[in-house]
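Each chain, letter by letter, is given below.
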There are 4 protein chains.
Amino acid sequence: MIVVLKPQVTEEKRDELISWFKELGLGVHVSVGKFQTILGLIGDTATVDMDLIGSLDIVDSVKQITESFKCCNRKFHPDDTIVEVGDVKIGGGNFCMIAGPCSVESEEQIVTIAKAVKEAGANMLRGGAFKPRTSPYDFQGLKADGLEFLRIAREETGLPIVSEIMSASDLPLFEDVDVLQIGARNMQNFDLLKEVGATNKPILLKRGLANSLKELLMSAEYIMAGGNEQVILCERGIRTFSDYTRNTLDLTAVPMLHELSHLPVIVDPSHATGIARLVPSMAMAATACKADGLIIEVHNDPRHALCDGAQSLKPEEYAKLAEKIRAILEVVSE
Amino acid sequence: MIVVLKPQVTEEKRDELISWFKELGLGVHVSVGKFQTILGLIGDTATVDMDLIGSLDIVDSVKQITESFKCCNRKFHPDDTIVEVGDVKIGGGNFCMIAGPCSVESEEQIVTIAKAVKEAGANMLRGGAFKPRTSPYDFQGLKADGLEFLRIAREETGLPIVSEIMSASDLPLFEDVDVLQIGARNMQNFDLLKEVGATNKPILLKRGLANSLKELLMSAEYIMAGGNEQVILCERGIRTFSDYTRNTLDLTAVPMLHELSHLPVIVDPSHATGIARLVPSMAMAATACKADGLIIEVHNDPRHALCDGAQSLKPEEYAKLAEKIRAILEVVSE
Amino acid sequence: MIVVLKPQVTEEKRDELISWFKELGLGVHVSVGKFQTILGLIGDTATVDMDLIGSLDIVDSVKQITESFKCCNRKFHPDDTIVEVGDVKIGGGNFCMIAGPCSVESEEQIVTIAKAVKEAGANMLRGGAFKPRTSPYDFQGLKADGLEFLRIAREETGLPIVSEIMSASDLPLFEDVDVLQIGARNMQNFDLLKEVGATNKPILLKRGLANSLKELLMSAEYIMAGGNEQVILCERGIRTFSDYTRNTLDLTAVPMLHELSHLPVIVDPSHATGIARLVPSMAMAATACKADGLIIEVHNDPRHALCDGAQSLKPEEYAKLAEKIRAILEVVSE
Amino acid sequence: MIVVLKPQVTEEKRDELISWFKELGLGVHVSVGKFQTILGLIGDTATVDMDLIGSLDIVDSVKQITESFKCCNRKFHPDDTIVEVGDVKIGGGNFCMIAGPCSVESEEQIVTIAKAVKEAGANMLRGGAFKPRTSPYDFQGLKADGLEFLRIAREETGLPIVSEIMSASDLPLFEDVDVLQIGARNMQNFDLLKEVGATNKPILLKRGLANSLKELLMSAEYIMAGGNEQVILCERGIRTFSDYTRNTLDLTAVPMLHELSHLPVIVDPSHATGIARLVPSMAMAATACKADGLIIEVHNDPRHALCDGAQSLKPEEYAKLAEKIRAILEVVSE
């Protein structure tokens, strides 16, 4: 950590500050410049409150040098993590195609869609049973029944299943779900993160609407610090002033997260745009910038979907898109 | 709800759409303009998926006319809600001054601060026992012990206590807390909102970092739909491109929320700015635009605070500020 | 335009408003709903102040139905515009590769780079002679000399040249420049837009850092209303809370602008990210979502560049990228 | 400037970098930490490209220590600047009340409003003659005639006049205008800034919609570097995800700018909110956080205003507000 003092600081005040840092168990390198004095703090600065130091009268600014995320940091773990879900691998050159409806609506619906997306090339099935909805008056999901229908769809197709968990108290119901999804609104529900960190299931962690990449990585850190290292990061759009799409898909996050972390990074173009006809373009773009997979909403009857029909592709549209994706994958993986 | 059709839509397609709306139990007013046809949907449009309709080929745009929040809507409840916490009233002309440390650190600390802020004019005590922290390696709060120390401080001073709850499973521990706070990161933790909606305690609901005012009101609606109408809204800064303060305090939310809703609106200048020396200015500004109260961090030794020391006022600074606040209140309440 | 009245409005007040609209020469369709009355305004609503109407006591909300951009609107001009710059075509299936240094630094520099990018497959040369810099103390460009060096580079390579114009008073100096660039900071410098709208040169119009797509199209409209229909739109990143890259590249703008307008849309991944090592990923992503071209910074010695060296590719990196771009183009243009 | 090297950097590479810095005329302090080596650069680092250094293979991060703004920096000029416009003073405890219509519409209109706002306590008159409008089809202002009417209003009332200049070529027309306003959209129109920096007139510089405080100060620097030190900063709302008001008024900018700079800071609640009924609240809030003045839109007939009627107060509303403002001023200036 670097502490820059204000120009006019007296030697006495400076020495008092240095003593305080030493009390905290830190080493201090003093560098006296022409205009300003700079203190370099050495040791375990994790417990030092940067904001507090920055607010002191004699301090001009404080700069952190080392990142606070460890487990997911590529610096300490240079090789790509490969998450395995049954036979499906994600990361390290393995591309995954997750598809399915926003909500599970019936056994027939989910089985039909599962078969269709498998046929088109998907290798994992998504479907919401517990739905986070802005309004208490909106459809909240089929809950336990929805999870049961997902299991049936897995039996019929062999596709592993992904579903969102909203509360740690529901964990027993998710016993038989292959990948637990943490939604954007829960990215900083730290209690939930700790609980899923204590399971041995792969976690699909979505970036919050207003969260930085470092915060996303710190949330992954909550899960990994609990011993669960099977985390898949997911970019799904951020909230900006721009309002022609539901959110603004931040694709540059893909190469940047790959640089910062060894975890796989997938993209959700359906929630990012909220508009089905924009999904294929953004899915292709995500593939071209080397995402490790895509999670895409597919519904056999978007017009009657109970939730997010506007952003769902029809199975035949998904099949056509999947072909393009494979062609782009060939170009970028050369 | 208003549905605007594209210019070139055939009569047949139009009539098909109208039939579908009628199937959904809606009345449809057709208005044929020079360039475009507009459909006005009448009836219970709450279950209609606006986004889906907007995505249909023949539809140009969809506009919602009526708000989806009911319980907290001033249209249906013109008089100000006054939340009562013991003898303290909030809203409808009653200004509340909540103060205290970010975290409860010890019995002595919280009792000392409680006495100091009461002396300065505060009428409620805040203190965190369960702390949402971005990093799993940061101090997470004293938990049950912290709540116990808060109760002791209440006994000593008579000040009602406010503390943040992060998980519904902690509710039994909060039995004796006067006001439950829902933090910004949990504003859309819908399971938690439902659970506190089932209690009979006043809820202090903080606006999320990237949430619109309508989303804040929808979250209040989750609580109120459960039967608990004692909700206090809190503006605490939003996330924008501007990075010189921790967040951007959106004070215009105060008069706007007062217009949209009958619930009281308070402001948290400490978390909004993250910088103690900016807190007095913003507290005075919040009072001048008619907030119903302030929640401000006060610590007797900010330099040694375990959390957010940078944004805490010292008791003597708080006392000086409280005087100014009272003087401004006199001006604005005339 | 749709005007929704508040629930409790008297008939008298309503009729007064209707009379006023009729005075303004508009037709008014009245639709009385169960809860609210809706007025549909018909005729030339371009001169009506939506914000003013929305602020009236008896009005709940106002919704615009028709877009205010005409010349660049795909509704009135369904076919893609193809901009021609000498032999180079942009739009309608024609992909353009613009490359070159941020600033022209010397004759030798620009000629060397021009040859290198042409060799790699670029078909247009960019180079700044007038530089908009945040600080008055930064290098401001070689000005007339820079434009002269660009002309020499064109002579040597045959590549048409693109350069940014910051002030209408410089127009005579740009007589011999092939494409005039309007930078992001000048996107709403309306006087400059009018002046370049009076020329017969193609205009490369960059989206402002905080401008919506509609505002970008309204700025194109300023140029086109002056008679110059050769406008190329350019997405180059917007300003958001996310700060790991200089700006947030909003790639979804590409398919969305293609839907709203017939003008070609190119992408500038260099300014959007500000980091050379992220440029190839984002250039490939832009190609995959069907941008009509790329404008990329290339410098033969980024470490000694006078401006924006951090975001410049070396010629050999650009050549490698150009190959990938061509391969992706083949996939997406099938 | 601080340069942090990556952990694994070889001594050879490090020494090469140090040599390069020395070539650039800089002193280098080397501080070898347990995990990382830090270089402190001493001397004139203004010409060093931070982004470029940050992009080098062996560099982890670069931190700037000293601000790049000089003339407007409070560090080098601790006393408040007081801008004088005739008898009116702004800054250093002098509060100014600027009021008037968005656009000058006629001699009668501007004279009537000028008299009314003077009566209410305003000490300067605003009025737009050249209007920046998003659409080329909107009213663009009365131009030279508008300025003439403003002069007449000044004669009648003695109020100095403020008007926006959009292009340096209009400067001769503004010869007799007391304060030149640079609008938000032109905050980084650097050519215009340089030109007004060469005049001897006070400049009212509005913050751009997506500009940081440092960028605002750098734009003030452009003006001051030209020798004109009479700059008034103006906060008028920034663009965020929040869309219930036209912009988000960032009032914390007021105390923060006062800390960073000695220049006076005023607030424009009319453009920030775009809604007349929110203006009084935000004007009072701005006064309470110690702005040096307010610029407020007042129109005698907002319903027929040619521009921005929605945000204009009526003269009687302004008079009532002005009284409140004076009462708050008494509280905060004690």
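These figures come from a predicted structure and were not determined experimentally.

Draft legend 1. Quick peek at the sheet that holds strand β2 (residues 27–32) of chain B. Residues and elements named next belong to chain B. Ordered in space as β2-β3-β1-β4, the four strands form an open sheet in which the pairing is antiparallel. On the outer flanks of this sheet lie β2 and β4 (59–63), each paired with one strand and no other. Looking at each pair of strands side by side, their axes are set apart by 20° on average, direction ignored. One ladder, built from four bridges, connects strand β1 (residues 2–5) with β4; its direction is antiparallel. Bridge assignment links L5 to a residue of β4, and that residue is V59.

Draft legend 2. Seen up close, the interface of chain C and chain D. At the interface, 48 residues of chain C touch 48 residues of chain D. Among the residues of chain C in contact with chain D, C:T134, C:Y137 and C:R303 are the three that bury the most area, contributing 16% of the side total. Counting across the interface, chain C meets chain D through two salt bridges. Between D:E215 and C:R239 there is a salt bridge, with the nearest N and O atoms lying 2.6 Å from each other. In this assembly, chain C and chain D are joined by 16 residue pairs in polar contact (both at pLDDT 80 or more). Of all the elements in the fold, those that place two or more residues in the side of chain C that touches chain D are α1 (11–23), α2 (50–55), α5 (190–197) and α6 (213–225) of chain C. Considering each element in turn, the side of chain C that touches chain D owes the most residues, five residues, to α6(C).

Draft legend 3. Structural context of the sheet that holds strand β3 (residues 37–42) of chain A. All names here are of chain A. Judged by pairing direction, the sheet is antiparallel, and its four strands sit side by side in the order β2-β3-β1-β4 without closing on themselves. The open sheet terminates on both sides in strands that have one partner only, identified here as β2 (27–32) and β4 (59–63). For this sheet the average axis-to-axis angle between neighbouring strands, irrespective of direction, equals 20°. Both strand β1 (residues 2–5) and β3 contribute to a ladder of three bridges, which runs antiparallel. Within the sheet, the bridge partner assigned to I2 lies in β3 and is G40.

Draft legend 4. Region of the structure containing the pairing of strand β14 (residues 293–297) of chain B. All names here are of chain B. β14 sits mainly inside the fold: five of its five residues count as buried. Here β14 shows no split at all, with G293, I295 and E297 on one side and L294 and I296 on the other all buried. Sheet topology note: the strand β7 (residues 96–100)/β14 ladder contains five bridges and is parallel. Across the sheet, the residue bridging to C96 is G293, located in β14.

Draft legend 5. Expanded view of the relation of the copies chain C and chain D. By a simple turn and slide, chain C fits onto chain D: the slide is 0.0 Å along the axis, the RMSD is 0.1 Å, and the turn is 180°. The transformation relating the two chain copies, once decomposed into turn and shift, fits a two-fold axis. When C-alpha distances to the rotation axis are compared across chain C, the minimum falls at C:A210, with a value of 2.8 Å. Residue by residue, 100% of the interface of chain C is reproduced at the interface of chain D, so both copies engage with the same surface.

Draft legend 6. Local environment of the relation of the copies chain B and chain D. Rotating chain B by 180° and translating it 0.0 Å along the rotation axis places it on chain D, where the RMSD comes to 0.1 Å. A high fraction, 100%, of the interface residues of chain B reappear at the interface in chain D, so the copies pair face to face through one surface.

Draft legend 7. The interface of chain B and chain D, seen in detail. Counting from both sides, the interface comprises 38 residues of chain B and, opposite them, 38 residues of chain D. Around 3000 Å² of area is buried between chain B and chain D when both sides are counted, 69% of it from carbon and sulfur atoms. Of all residues in chain B, B:F241, B:Y244 and B:T252 give up the largest surface area on contact with chain D, accounting jointly for 22% of the area buried on that side. For the pair chain B and chain D, the interface holds two salt bridges. Between B:R277 and D:E259 there is a salt bridge, with the nearest N and O atoms lying 2.5 Å from each other. In this structure, the connection of chain B to chain D is made through nine residue pairs in polar contact (both at pLDDT 80 or more). Among the residues forming the side of chain B that touches chain D, the class breakdown is 21 nonpolar, nine polar and eight charged.

Parameters and conventions
- Residues numbered from 1 in each chain as written.
- Chains lettered and ligands numbered in written order.
- Predicted model: local features only at pLDDT ≥ 70, side-chain atom pairs only at ≥ 80, totals over all residues.
- Heavy atoms only, no water.
- Pairing = 2+ DSSP bridges.
- Helix = DSSP H or I, 4+ residues; strand = E, 2+ residues; numbered from the N terminus.
- Axes fitted to C-alpha atoms, helices over the stretch in contact; angles between N-to-C directions.
- Contact = heavy atoms within 4.5 Å.
- Buried area = accessible area lost by both parts, 1.4 Å probe.
- Salt bridge = Lys/Arg side-chain N within 4 Å of Asp/Glu carboxyl O.
- Polar contact = N/O pair within 3.5 Å; in protein donor to acceptor, adjacent residues only side chain to side chain.
- Buried < 20%, exposed > 50% of the residue type's maximum accessible area, 1.4 Å probe, protein only.
- Least-squares fit on C-alpha atoms with pLDDT ≥ 70 in both.
- Nonpolar A, V, L, I, M, F, W, Y, C, P; charged D, E, K, R; others polar.

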